[in-house]
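Next come the chains, spelled out residue by residue.
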Amino acid sequence: MGCLSERFSSFFNNRWLVFVAAMWIQSCAGIGYLFGSISPTIKTSLNYNQRQVARLGVAKDLGDSVGFLAASFSEILPLWGAVLVGAIQNFVGYGWVWLVVTGKVPVLPLWAMCILIFVGTNGETYFNTAALVSCVQNFPKSRGPVVGILKGFAGLSGAILTQIYALVHSPDHASLLFMVAVGPTMVAIGLMFIIRPVGGHKQLRSSDGFSFSIIYSICLLLAAYLMAVMLVEDLVDLSQTVITIFTLILFVIVLIPITIPVSLSFFREPRSSVEEALLPDQQKQETDKSEEGQDIIFSEIEDEKPKEVDLLPASERQKRIAQLQAKLAQAAAEGAVRIKKRRPHRGEDFTLTEALIKADFWLIFFSLLLGSGSGLTVIDNLGQMSQSLGYDNNIIFVSMISIWNFLGRIGGGYFSEKIVSDYVYPRPAAMAGAQVIMAIGHFFFAMGWPGAMYVGTLLVGLGYGAHWAIVPAAASELFGLKKFGALYNFLTLANPAEQRQFTLTCTVDRGGKLRNVEGDEVYGS
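Labelled according to an unreviewed UniProt entry, the chain appears under the name Nodulin-like domain-containing protein, originating from Sesamum radiatum. Within the UniProt record for the chain, the comment given under Sequence similarities (unreviewed entry) is "Belongs to the major facilitator superfamily. Phosphate:H(+) symporter (TC 2.A.1.9) family."

Here it is in structure tokens:
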């Protein structure tokens, strides 16, 4: 019995369990990607024009990207508290929108609807912050794959929720809004106590490679399965029984990753103490503080040591520096001197204020600003774009771009890690490749050729998704993990800032004529 209780304790404190729970939360945390499906319902029910829908889209993008509150709550509250706040925001925001659309409460002015969309979508930032902070701290040596997989499941959530909506098979399209309000809230509350940094060994283990291979295989299987199901549902009129079976298989695939922490905890011999963390948490904190003090003293030595010390032989120079360090430490303890704190270097822990004065940080920000905004614009307007090109089923394109977005994030995390570890190139080099892919996708959209919607959706989804796997990993490598939540949420501000510069008002139909999103011809080309 004692051995079994130890196994259960090992299971609940297994970092792979946290990772799997974070994947499940992320699989319903990207509800902003469903805006292309729910915006036509809002537009029709409330008699909005496209300009008003675009303002709702901007509110959604701001809610999805303004995560300062999420970063602050994640530092003062336990992570489960941050997840709970996000769940409440999601339920209240989208729940109230559903009540307005269905006529159960009075219609609100546009500015109030924008606030509700902002509040509901802003709940995502709490889910994202809690999942990324906990898992990056649990897997510091595998941050590229971890970030890519977690952000990938967030990008895939649109396709997953769409398939669940197909199971409901409600003629009332507003029921999708109800599902968006209730579904992610239930999942987040059910898993919020699992999402946390766990103690123990956090370096690479021999089993990690195999475990990540399983996760990647499941990701590819999930994407291929959803793509096949969507194509079949689009081409064939399926019975409700077949759709139910498809949805149950989807649930099974999503649940498969739980076998990893189960097998590691119950079907393998316990790890020896040598493989566990070298220091307990309290001792580790004391060591960190000691190392910080040493850094401060060494920075002061650089200012205080005589210039001739550098000319001495190595052994004598080290001896003189050690003597000076001892004197400074004694003087600092007695209050005789004031030690200046050394500024962190690349790879060390930065606060947000310290990062904001670094050129590297702003290069990442503006690269994201110029690279991802146009992709987000396509995602927001995909429903109207497909309608203007003569496609009746716009949900298929929303689901497809969700899948390509997912594969872009998975691939971005994987290949950027390969570029860093195998070829020793900086991770932002992968971002440049992602932006080239997106540019080609936008070219296809602009041409309006037959089938261009499919090709453009593929390329833009891959390129846009890769950004969100590469940027968080690059930021954590350059500026550390201690304030990762604040750094990540600041970088996400680049998304709505750029998207606001793009407002899709027209597209090219199959006959080569330019039409607005209402379908009216603008002029012949």
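Next comes the rest of the account.
**Student:** Explain the overall build of the chain residue by residue, including any values.
**Tutor:** A count of helices and strands for the chain gives 21 helices and three strands. Here the chain holds 525 residues, and 51% of them are scored as buried. Intrachain contacts of the chain at a sequence separation of at least 6 include 80% that bridge at least 24 residues. Carbon together with sulfur atoms contributes 63% to the accessible area of the chain, which is approximately 24,200 Å² in total.

**Student:** Can you break down the environment of Arg268 residue by residue, with the values?
**Tutor:** Looking at the element boundaries, Arg268 is found in the loop between α12 (259–266) and α13 (281–304). The spacing of Arg268 and Arg7 is 261 residues in sequence and 9.8 Å in space, taken between C-alpha atoms. Contact partners of Arg268, with chain neighbours within four places excluded, come to Arg7, Ser207 and Ser263.

**Student:** For the pattern of salt bridges, give the residues involved together with the corresponding values.
**Tutor:** Here the structure, examined in full by the defined rule, presents five salt bridges. Here Arg15 makes a salt bridge to Asp208, at a shortest N to O gap of 2.8 Å. On the criterion of sequence distance, the pair formed by Arg15 in helix α2 (residues 15–26) and Asp208 in helix α10 (residues 206–235) is long-range, its members being 193 residues apart. Taking the relative accessible area as the measure of exposure, Arg15 reaches 6% and is therefore buried. For Asp208, a relative accessible area of 3% puts it in the buried group. The partner of Glu417 in a salt bridge is Arg427, and the shortest N-O contact between them spans 3.0 Å. Here the residue Glu417 occupies a position in helix α17 (residues 395–421), and Arg427 occupies one in the loop between α17 and α18 (428–447), the gap between them amounting to 10 residues. Its relative accessible area of 18% is what places Glu417 among the buried residues. Taking relative accessible area as the criterion, Arg427 reaches 2% and is therefore assigned buried. Taken together, the shared-partner salt bridges connect Glu417, Arg427 and Glu477 into one network.

About the thresholds
Along each chain, the written sequence defines residue order, and numbers are assigned to residues from 1. Whole-chain, interface and lining totals are the exception, using all residues; otherwise, since this is a predicted model, local features are given only for residues with pLDDT of at least 70 and side-chain atom pairs are given and counted only at 80 or more. The basis for the side-chain values is all heavy atoms of the structure; hydrogens and waters are excluded. UniProt positions are given in the numbering used here, feature names are shortened, and annotations may be inferred rather than shown by experiment. Helix numbering and strand numbering both begin at the N terminus, where a helix is a DSSP run of H or I of at least 4 residues and a strand a DSSP run of E of at least 2. Buried, partly exposed and exposed residues are distinguished by accessible area as a fraction of the type maximum, computed with a 1.4 Å probe on protein chains only: under 20%, between the cut-offs, and over 50%, respectively. In what follows, residue pairs with any heavy atoms lying within 4.5 Å of each other are defined as contacts. Throughout, the Shrake-Rupley method with a 1.4 Å probe supplies accessible areas, and for residues the shown protein chains are the sole cover considered. Throughout this description, the term salt bridge denotes a Lys or Arg side-chain nitrogen within 4 Å of a carboxyl oxygen of Asp or Glu.

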